[in-house]
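# Secondary and tertiary structure notes
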Amino acid sequence: MCGIVGAVLTQGSVLEGLIEGLRVLEYRGYDSAGVALGLEGGVAIRRRAGRIEKLEAALGESPPADSQIGIGHTRWATHGPPTDANAHPHTDGGERLALVHNGIIENHGELRAELEAEGVAFKSDTDTEALAHLLGRELDNGAPTLAEAMRRALSRVHGYYAVAAMRFGEQRELVCARQGPPICVGVTPEGAFLGSDVLALIPHTREIVFLDDGDVCELAPGHLRVTRLDGTEVERASQHVSWEEADAGKGVYPHYMLKEIHEQPDVLARTAFSRIDEERGDVLLGHEELGDGGWSDALLRDVSRVQVAACGTALHAGYIARYLIEGLARVPVDADYASEFRYRDPVLMPDTLALAISQSGETADTLAAQRLAREKGCTPAAICNVAGSTLVRESDAVVLTNAGPEIGVASTKAFVAQVIAAYLLAVRMGRARGVIDQARGLELVRDLRLLRPSLERLLSEEHVSEIQAVAARHVEAKGFLFLGRGINYPVALEGALKLKEISYMHAEGYPAGEMKHGPIALIEPGMSTVVVNSRGGVADKVRSNVEQVRARGGQVICVGSDPESLDLADEAIVVPESSEWLSPVLNVIPLQLLSYEIARLRGCDIDKPRNLAKSVTVE
Ligand code: F6R
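These numbers come from a predicted model, not from an experiment. (Residues numbered from 1 in each chain as written. Predicted model: local features only at pLDDT ≥ 70, side-chain atom pairs only at ≥ 80, totals over all residues. Heavy atoms only, no water.)

## Brief notes about the overall build of the protein chain
Counting its secondary structure elements, the protein chain contains 19 helices and 27 strands. Its C-alpha atoms give the protein chain a radius of gyration of 25 Å, near enough to 25 Å, the size a compact globule of 619 residues would have. Along the three orthogonal principal directions, the C-alpha set of the protein chain runs to about 75 × 55 × 45 Å. Expressed as a percentage of the 619 residues in the protein chain, the buried residues total 61%. Put simply, 71% of the contacts in the protein chain that link residues at least 6 apart link residues at least 24 apart. Treating the 62 positive side-chain charges of the protein chain as one cloud and the 88 negative ones as another, the clouds have centres 3 Å apart. (Helix = DSSP H or I, 4+ residues; strand = E, 2+ residues; numbered from the N terminus. Rg over C-alpha atoms; globule rule 2.2 N^0.38 Å. Buried < 20%, exposed > 50% of the residue type's maximum accessible area, 1.4 Å probe, protein only. Contact = heavy atoms within 4.5 Å. Lys, Arg positive; Asp, Glu negative; His and termini not counted. Charge placed at Lys NZ, Arg CZ, Asp CG, Glu CD.)

## Considerations on the nonpolar core
Trp 295, Val 306, Ile 325, Leu 448 and Phe 480 are the most contacted members of the largest nonpolar core, which totals 96 residues. If you tally residues by element for this core, the top one is helix H13 (residues 413–432), at 13 residues. Two domains share this core, each providing at least three of its residues, namely domain 2 (258–449) and domain 3 (455–601). Residue contacts for Ile 325: discarding those within four places in its chain leaves Val 306, Arg 330, Val 331, Val 333, Leu 355, Leu 425, Ala 426 and Met 429. With 33 residues, the next largest nonpolar core counts Ala 33, Leu 37, Ala 44 and Cys 184 among its residues. (Core = buried A, V, L, I, M, F, W, Y, C linked by side-chain atoms within 4.5 Å. Domains from an automatic or database assignment.)

## Brief notes about helix H5 (residues 146–154)
With 7 of 9 residues buried, H5 is to be regarded as a mostly interior element. Those residues of H5 that fall on the buried side of the exposure criterion are Leu 146, Ala 147, Ala 149, Met 150, Arg 151, Ala 153 and Leu 154. Buried positions along H5 lie against strand S6 (97–105), helix H4 (128–140), strand S7 (159–167), strand S8 (173–179), strand S12 (215–220) and strand S13 (223–228).

## A word on the site of the ligand
Of all residues adjacent to the ligand, which total 13 residues, the nearest are Ser 358, Gln 359, Ser 360, Thr 363 and Glu 501. A distance of 2.6 Å separates an oxygen atom of the ligand from a polar side-chain atom of Ser 358. Contact distances for the ligand include 2.8 Å between an oxygen atom and a side-chain N or O atom of Glu 501. Protein contacts shield 87% of the accessible area of the ligand, which totals 410 Å² for the unbound molecule. At the level of elements, helix H9 (312–329) and helix H16 (489–503) are the ones that each hand at least two residues to the shell around the ligand. Of all the elements, H9 adds the most residues to the shell around the ligand, at 3 residues. Residue composition of the shell around the ligand, grouped by class: 4 nonpolar, 7 polar and 2 charged. (Near = heavy atom within 4 Å. Polar contact = N/O pair within 3.5 Å; in protein donor to acceptor, adjacent residues only side chain to side chain. Areas by Shrake-Rupley, 256 points an atom, 1.4 Å probe, with all protein chains shown as cover. Nonpolar A, V, L, I, M, F, W, Y, C, P; charged D, E, K, R; others polar.)

## Digging into the domain arrangement of the protein chain
Domain annotation of the protein chain identifies domain 1 (3–250), domain 2 (258–449) and domain 3 (455–601). Distance between the C-alpha centres of domain 1 and domain 3: 45 Å.

## A word on the pairing of strand S26 (residues 555–560)
Of all 6 residues that make up S26, 5 are buried, and the element is covered over most of its length. In this fold, strand S25 (residues 527–532) hands off to helix H17 (residues 539–551), which returns the chain to S26; that crossover is right-handed. Bridging between S26 and strand S27 (residues 571–574) involves 4 bridges; their strand directions are parallel. By the bridge assignment for S27, Cys 558 is matched with Ala 572. A crossover connection joins S26 to the parallel S27 through helix H18 (residues 563–568); in handedness this β-α-β unit is right-handed. (Right-handed = clockwise from strand over helix to strand, strands pointing away. Pairing = 2+ DSSP bridges.)

## Re the side chain of Ser 503
Mapped onto the elements, Ser 503 comes out in helix H16. If we ignore the near neighbours within four places in the chain, the residues touching Ser 503 are Ile 598, Ala 599, Arg 602 and Cys 604.

## Some details on the sheet that holds strand S20 (residues 352–358)
If you walk across this open sheet you meet the 5 strands as S19-S18-S20-S21-S22, and the pairing is parallel. Every other strand in the sheet has two partners, leaving strand S19 (333–337) and strand S22 (397–400) as the edge strands with one partner each. When the angles between neighbouring strand axes are averaged without regard to direction, this sheet yields 20 degrees. Of the strand pairs in this sheet, strand S21 (residues 379–384) and S22 are connected by 4 bridges, and their pairing is parallel. (Axes fitted to C-alpha atoms, helices over the stretch in contact; angles between N-to-C directions.)

## Examining the packing of helix H7 (residues 264–272) against H13
The interhelical angle for the contact between H7 and H13, taken along N-to-C directions, is 30 degrees, at an axis separation of 9 Å. The pairing of H7 with H13 is recorded here as roughly parallel in orientation. Note that H7 runs across H13; the crossing there is right-handed. Side by side, H7 and H13 meet where Gln 264, Val 267, Leu 268, Thr 271 and Ala 272 of the first sit next to Lys 413, Val 416, Ala 417, Ile 420, Ala 421 and Leu 424 of the second. Of the residues contributing to the contact of H7 with H13, the split by class is 8 nonpolar, 2 polar and 1 charged. (Parallel < 35°, antiparallel > 145°, perpendicular 65-115°, else oblique. Left-handed = near helix turned anticlockwise from the far one by under 90°.)

## Things to note about the sheet that holds strand S10 (residues 191–195)
What the 8 strands build is an open sheet, ordered S3-S2-S4-S1-S10-S9-S11-S15; its pairing is antiparallel. The sheet is open, and its two edges are formed by strand S3 (42–49) and strand S15 (239–240), each paired on a single side. When strand S9 (residues 184–188) meets strand S11 (residues 207–210), the two strands line up antiparallel, connected through 2 bridges. Pairing of Val 185 across the sheet is with Val 209, part of S11. Its contacts with the sheet put helix H1 (residues 15–25) on strand S1 (3–9), strand S2 (32–39) and strand S4 (69–75), and the angle it makes with S1 is roughly 160 degrees. Each of S2 and S3 touches helix H2 (residues 52–61); the most contacted strand, S3, lies at about 140 degrees to it.

## A word on the side chain of Asn 107
As for its placement among the helices and strands, Asn 107 is situated in the loop between S6 and helix H3 (108–117). Ignoring any residue separated from it by four or fewer positions in sequence, one finds Asn 107 in contact with Arg 156, Val 157 and His 158.

## Things to note about the pattern of salt bridges
Applying the stated criterion across every chain yields a total of 48 salt bridges. Glu 116 serves as the salt-bridge partner of Arg 112, at 3.6 Å between the closest nitrogen and oxygen. Of this pair, Arg 112 and Glu 116 both sit in helix H3, 4 residues apart, which is roughly one turn of that helix. Judged by relative accessible area, which is 39%, Glu 116 ranks as partly exposed. (Salt bridge = Lys/Arg side-chain N within 4 Å of Asp/Glu carboxyl O.)

## Some details on the packing of H13 against helix H19 (residues 583–601)
Between H13 and H19, whose axes approach to 10 Å, the crossing angle comes to 170 degrees. Judged by the inter-axis angle, H13 sits roughly antiparallel to H19. Contacts between H13 and H19 involve Phe 415, Val 416, Val 419 and Ile 420 from the former and Val 585, Val 588, Ile 589 and Gln 592 from the latter. Its residues assigned to classes, the contact of H13 with H19 comprises 7 nonpolar, 1 polar and no charged.

## A look at unusual backbone geometry
In the segment running from His 88 into Pro 89, the intervening peptide bond is cis, with an omega of 0 degrees. Its identity is not glycine, yet Arg 330 carries a phi of approximately 60 degrees, on the positive side. Position of Arg 330 relative to the elements: it lies in the loop between H9 and S19. A positive phi angle, near 60 degrees, is found at Tyr 504, a position not held by glycine. By the secondary structure assignment, Tyr 504 is in the loop between H16 and strand S24 (507–511).

The structure is reproduced here in structure tokens:
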């Protein structure tokens, strides 16, 4: 969950590029930041607890000399609090090398005791420092290169890591390695670059090599060499990444979250429109970067059930996928938290499609759930936003969501893209199995096209100011209850998650039918209830929830297209009508905006909510 950058250049100064890279990666962790620059006579290290601005101030106070080799880090603390001393990079005792790390070294206690017994003095509480000293010890023991020291040192390490290390002084070397969290590399004639995320590399090159677990990579301008831990050299092909540099900026918006909310009509187009086959009333699940994506008719026909595993917002999209795939393709679906699924020794049949849903494709629990399902003979499949991610590489069939980079920590456009991808999968599955005929298929794909103007309407200035007014009236609420039923029940869960993540207000999402089994006790004046209700099979049931909450003095904000519920509620946020299957895509927009506006009024740090980081690559 930390961000890593590194570079070695033929000439010029590496510092500005490292800081730019850290800024782009700050969304992955923002407790502290640091850089190490290799100089002829040694190293310049600057590191500070707090945001990158603190690091920049430290660099301003004591500017280092120009350097062509360096590494940098933005931290999300796991071992030791966020202090200057615990900030990365860390060095070995002999001060020959510096190291940055994302992940957890599980046997760091044992390694630390062993090194201390040999006289090594530790300067931080981190697990990372043990690896820096191990590297130093391997150099003392005659490892001829930093890469060889890395291979030897990592064979002693248990855990999950992406690391980058730099040797300074006469022998300049830059090395990175991976076991778990991602790291990718790219070269140009002018330099070699590494990063924990492609976003840090695209200003330099679009031809990116994603390292595999167990790889160690040596970098020099124009040159990469990848070996396994036993020293065997391996070839790793590069992949072309089509993301634009501008995708990583905020544009005209004050926050990434708002920018990403406003991108959603384009995300719909990118995820769905080029895949629609109106002639056959069908969709194509493939992608230019992945061919047909592995979705053969045989696979879709022979599957007898689907098991979804995901975390957080992606699981909410997974719950919607359950309604879509069961409802449209008539295939039974189960959906579970990846963190629960992986430890409950699940009973899985081999003809199950194990569908992992993830924006990043690097979430530790989701990957573990997927690996478990593969071991049990299921076909691993994914809905994912990152083409080169571990999840994509480990899945037999993939729908890429094409949402572009999501940088706001609170997921918005990725959720909408995941729901649309699940809809495409349900339609394709139904067509392949003969459950959906051509005429019905045509209706279903046309419904997708109708969403775009509705999304645009929901994001219009008029609508946004309506939501700002609602936010202002509820910013002091004691708490929020979000209710929804059927395919909009997961939307209620998502509304509550968004609000608590970025505004720190207490919010709970519930299936509306469960209200009288407990949460109704919470209803009183000052408690706000958001009821999501669109026209469809369960609209009249949800309507009675609106009445019950109001009868107990609760304030109801109704979001949706069901006219009677909107009339009954204290406040109405009208959402354009759509097919019921696609109503979550529209209903979630006001909820995203409501959380954003409430968080803004409360003065919260919207793009970097406390304690959170994007992409949870550790357990
Ligand atoms: C919520 C949020 C998280 C992620 C979750 C899974 O706004 O962003 O709940 O949805 O950590 O992440 P991915 O989708 O990358 O697997």
